[in-house]
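Inside the fold
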Amino acid sequence: MISLKAIRYVRLGTSNLDDAVRYAKRILGLELVRRDRTMAYLRSDSRDHTLVYTTDDPQNHSVAFEVGSAAELEAAAVELDNSGHVVRAATKLECEQRWVDSAIMFSDPSGNAIELVLKPAHSGQRYFPSRDAAITGFSHVGLHSKSPSKDEVFWTTMCNARVSDWIGEAPLLRIDPVHHRMALFPSKRTGVQHVNHQVESFDDVMRSYYFLREQNVKIRFGPGRHPTSGAIFLYFDGPDGMIYEYSTGVRLITDENAYRPRAFATVPTSYCAWGSRPDIAEFERVESPRESLDA
Ligand SMILES: [Fe+2]
């Protein structure tokens with residue numbers, strides 16, 4: 001069993017590094033840590049970085065999770081290899097580029113690029129953004145999944161992820177008390193589907209809502225409240241077709257034995273308790289067999 005301790009960073013290819021950095025600083029509210037011609041490191045909390053833009057194919061995304069020890073990383077590589085995953089150790093350069101001691105790379109059953117990292121660098125400096133969106137930290141990703149049920153088995157049996165809730169086929173998975181650190185949405189492709197940052201309060205979600213509208217950033221969903229995690233959310237467009245989310249008030253699951261995951265139907269009210277309608281393909285309504293019968 002691979003014990004994932006934390007979600008650590010996302011790496012996203014971009015067709016225009018300058019534009020992506022400008023967006024991250026001026027719109028999203030991240031802090032630029034360092035950059036060169038091919039990579040820009042940004043952070044949203046006290047860790048060294050939580051998002052990297054690279055001058056790579058905008059369809060190329062990877063997500064990193066932290067493991068607890070060198071022995072665990074080694075055991076994870078063996079376990080993945082034994083179960084038929086193509087797994088490799090990151091090169092010295094790749095580790096330097098990720099600011100980690102060591103790392104392994106593989107794909108989930110859908111083909112999403114996943115990295116397991118050991119001893120990722122922390123920052124000795126307070127997070128200081130150029131736009132104050134009141135971000136408290138990078139918190140979760142949505143992933144495109146060609147088979148959410150297969151991917152769910154991988155994350156919950158090979159790894160320590162637990163299902164917090166389902167919306168239709170899509171599992172919302174936790175690896176710590178936070179309701180979800182990843183969600184797997186049915187899709188025809190792979191990659192990161194959205195990137196979530198938590199913000200301090202409901203007021204901050206609303207402040208960003210008006211700010212983003214003024215900046216002509218397309219709002220994709222919300223403001224609303226997820227009935228699953230209880231979080232108040234706002235989804236909006238980022239560079240290269242990525243969707244970003246601010247949310248606040250995500251539920252913490254502290255009693256692992258008492259908690260039972262719930263299955264929500266694939267209807268709009270499963271995504272927003274207030275009636276906001278998503279303009280996001282993966283969240284859009286699929287008619288359920290029950291409704292066909294009613295009609
Ligand atoms: Fe989300």
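Residues numbered from 1 in each chain as written. Predicted model: local features only at pLDDT ≥ 70, side-chain atom pairs only at ≥ 80, totals over all residues. Heavy atoms only, no water.

1. Looking at the packing of aromatic side chains
Going through the model one piece at a time under the given rule, you end up with 14 aromatic pairs. Between the aromatic rings of F65 and W155, the centroid separation amounts to 5.5 Å while the plane-to-plane angle is 55°, which identifies the pairing as tilted. With F65 in strand β5 (residues 61-67) and W155 in helix α4 (residues 148-158), the pair connects residues that are 90 residues apart, well separated along the chain. For F65, a relative accessible area of 1% translates into the label buried. (Phe/Tyr/Trp six-rings, centres within 6.5 Å; stacked < 30°, edge-to-face > 60°. Helix = DSSP H or I, 4+ residues; strand = E, 2+ residues; numbered from the N terminus. Buried < 20%, exposed > 50% of the residue type's maximum accessible area, 1.4 Å probe, protein only.)

2. A few points about the pattern of salt bridges
Summed over the entire model, instances satisfying the criterion amount to 18 salt bridges. Across the salt bridge formed by K92 and E96, the nearest N and O atoms sit 3.1 Å from each other. One end of the pair is K92 and the other is E96, both in helix α3 (residues 92-98) and 4 residues apart, which spans about a single turn. With relative accessibility at 66%, the residue K92 sits in the exposed group. Among the salt bridges present, the one from R98 reaches E115, with a minimum N-O distance of 2.8 Å. Taken together, the residues span a long stretch of sequence, with R98 in helix α3 and E115 in strand β8 (residues 113-118) at a distance of 17 residues. Via salt bridges that share partners, K218, R220, D237 and D279 belong to a single interconnected network. (Salt bridge = Lys/Arg side-chain N within 4 Å of Asp/Glu carboxyl O.)

3. Quick word on the sheet that holds strand β11 (residues 170-174)
Read from one edge of the open sheet, 9 strands run β14-β15-β16-β13-β9-β12-β11-β10-β17, paired in mixed fashion. Each of the sheet's edge strands pairs with one partner strand only, and the pair in question is β14 (219-225) and β17 (262-264). Across the sheet, the axes of successive neighbouring strands diverge by a mean angle of 20°, strand direction being ignored. Note: strand β9 (residues 135-145) against strand β13 (residues 191-199), 8 bridges, orientation antiparallel. Counterpart to I135 in the pairing with β13 is V199. Contacting β9, β13, β15 (232-237) and β16 (243-248), helix α1 (residues 17-28) crosses the sheet at an angle of about 25° to β16. Along the sheet face, α4 touches β9, β10 (162-167), β11 and β12 (182-186) and points at about 155° away from the line of β12. (Pairing = 2+ DSSP bridges. Axes fitted to C-alpha atoms, helices over the stretch in contact; angles between N-to-C directions. Contact = heavy atoms within 4.5 Å.)

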